[in-house]
Amino acid sequence: MKKKYVALALALVCAMCAFVGCGKDDGGKEPEKQPAVADIMTPILDNVQETGSMMDVTTEEFFVEQLKTEGLLSVDGLAEYSIYMNMMNIRTDEIGIFKMASADQAAAMQEAIKKHVENKIAGWMPGYMPEEIEKMENYTMITKGNYVMYLIASDADKEIAEEQFNAAFK
């Protein structure tokens, strides 16, 4: 009788393992729906709670040049982007969404985002508002095919933004 239960348990485990590969990973494929970056960013900004004095820096010449120098806006294949940053030096919140020409170029954008956040942390004054350093160190990056989004935000806002990001592709 015990052997029967063990065999049944093993069969269930094997069946469950067969479905493990059916997760959220898109395998680097470009999503069928290709929304405009602004159409993704708008509902995110409408729903996050702690936007403070975030500003669209997508066309702000000073920030564009700074981000190009850092390499964030110099990645080959960057087709479209939108970046919102907090303009007050007491908050580090940022939301950036990038649409690459192809999913193959998303990895290069991920590296550029990582470098951007590292530069931001290095430039933060030690001891000044340590919770903001923690927020930067715990930033989130989400990739869906040729789209990459990063968030420096509270956990609650990261959750909301991720939901809105994923909803844009449905």
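Residues numbered from 1 in each chain as written. Predicted model: local features only at pLDDT ≥ 70, side-chain atom pairs only at ≥ 80, totals over all residues. Heavy atoms only, no water.

A. Inspection of the environment of Ser-102 at higher detail. Structurally, Ser-102 is set in the loop between strand 3 (94–100) and helix 4 (106–123). For the pair Ser-102 and Ala-79, spaced 23 residues apart in sequence, the C-alpha to C-alpha distance is 9.0 Å. Apart from the residues within four sequence positions on either side, Ser-102 is in contact with Glu-30 and Asn-146. (Helix = DSSP H or I, 4+ residues; strand = E, 2+ residues; numbered from the N terminus. Contact = heavy atoms within 4.5 Å.)

B. Representation of the pattern of salt bridges in the model. A full pass over the atoms with the stated rule returns five salt bridges. The closest approach of N and O atoms between Glu-94 and Lys-120, which form a salt bridge, is 2.4 Å. Taken together, the residues Glu-94 in strand 3 and Lys-120 in helix 4 connect sequence positions 26 residues apart. By relative accessible area, which is 0% here, Glu-94 ends up buried. Classification of Lys-120 as partly exposed rests on a relative accessible area of 22%. The salt bridge involving Lys-135 is made with Glu-132; its shortest N-O contact spans 3.3 Å. (Salt bridge = Lys/Arg side-chain N within 4 Å of Asp/Glu carboxyl O. Buried < 20%, exposed > 50% of the residue type's maximum accessible area, 1.4 Å probe, protein only.)

C. Spotlight on the nonpolar core. The biggest cluster of nonpolar side chains holds 22 residues, and the ones touching the most others in it are Leu-72, Ile-83, Phe-98, Met-109, Ile-113 and Tyr-150. Among the secondary structure elements, those contributing two or more residues to this core are helix 3 (61–70), strand 2 (78–86), strand 3, helix 4, helix 5 (130–137) and strand 5 (147–152). It is helix 4 that contributes the most residues to this core, five residues altogether. Once you skip the residues sitting within four places of it in the chain, Tyr-150 turns out to touch Leu-72, Ile-83, Glu-94, Ile-95, Gly-96, Phe-98, Ile-113, His-116, Thr-140 and Met-141. (Core = buried A, V, L, I, M, F, W, Y, C linked by side-chain atoms within 4.5 Å.)

D. Focus on the side chain of Glu-70. One can find Glu-70 in helix 3. At 7.6 Å, Lys-115 is the nearest oppositely charged side chain to Glu-70, a buried residue that forms no salt bridge. A polar contact is formed between the side chain of Glu-70 and the side chain of His-116, at a distance of 2.4 Å. Beyond its immediate stretch of four places on either side in the chain, Glu-70 contacts Lys-115, His-116 and Asn-119. (Lys, Arg positive; Asp, Glu negative; His and termini not counted. Polar contact = N/O pair within 3.5 Å; in protein donor to acceptor, adjacent residues only side chain to side chain.)

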